Amino acid sequence: MKKSTFITMMMTTVSIVFFALGMCMALIPEWNAFRQGIVFGVIGIILGLVTVIIYRKMTNKAPLEISGRMVFTIVFGIIGILLFGCGMCFVMVWNSLTVGIILGLIGILILLTLIPLIKGIED
């Protein structure tokens, strides 16, 4: 395993744990930790962005150029993730199985369309 891959894997894991824990802290009312959860979530997002920058420097790649396609792809992915998460909440928290499954499936389909959107379809 290359050094850049290992460091990226470790940093990504830490940023995802921070983000996930922050979202749990913010969204589970029994924990009474909304503000702390927001802070943890933002730390996770910042660590994720720093991970991308460090990985690109370690592999001698050019910095990312922000384009309209990139912004669209990111917004499209965020919508898919939110629909998937809302579907899970409907099922597990609000006991609305039908609506939750439908929202979750729509989110999964949106996330699956990201693959050809990013990589393209080849013959």
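Conventions adopted
Residues numbered from 1 in each chain as written. Predicted model: local features only at pLDDT ≥ 70, side-chain atom pairs only at ≥ 80, totals over all residues. Heavy atoms only, no water. Helix = DSSP H or I, 4+ residues; strand = E, 2+ residues; numbered from the N terminus. Expected span 1.5 Å × (residues − 1). Buried < 20%, exposed > 50% of the residue type's maximum accessible area, 1.4 Å probe, protein only. Contact = heavy atoms within 4.5 Å. Polar contact = N/O pair within 3.5 Å; in protein donor to acceptor, adjacent residues only side chain to side chain.

Chemist: Which residues make up helix α3 (residues 68-92), and what are the values?
Modeler: The terminal C-alpha atoms of α3 lie 36 Å apart, and with 25 residues this matches the ideal 36 Å at 1.5 Å per residue to within 8%. Where α3 is concerned, the buried positions are Thr 73, Gly 77, Gly 80 and Gly 87. On its buried face, α3 is in contact with α4 (97-119).

Chemist: Let's hear about the environment of Leu 64: which residues, and what values?
Modeler: Looking at where Leu 64 falls in the secondary structure, it is placed in the loop between α2 (34-58) and α3. Separated by 51 residues in the primary sequence, Leu 64 and Ile 115 place their C-alpha atoms 19 Å from one another. Setting aside residues no more than four positions away along its own chain, Leu 64 makes contact with Val 52, Arg 56 and Met 70.

Chemist: Could you give an account of unusual backbone geometry, naming the residues involved and the relevant values?
Modeler: At Asn 60, a position not held by glycine, the phi torsion is positive, near 55°. Of note, Asn 60 is situated in the loop between α2 and α3. Classification of Asn 60 as exposed rests on a relative accessible area of 72%.

Chemist: Tell me about the environment of Thr 12, and please be specific about residues and values.
Modeler: Along the chain, Thr 12 falls in helix α1 (residues 3-27). Once the C-alpha coordinates of Thr 12 and Leu 49 are considered, the two residues, 37 residues apart in sequence, prove to be 9.5 Å apart. Looking at Thr 12, its side chain comes within polar contact range of the main-chain oxygen of Thr 8, at 2.7 Å.

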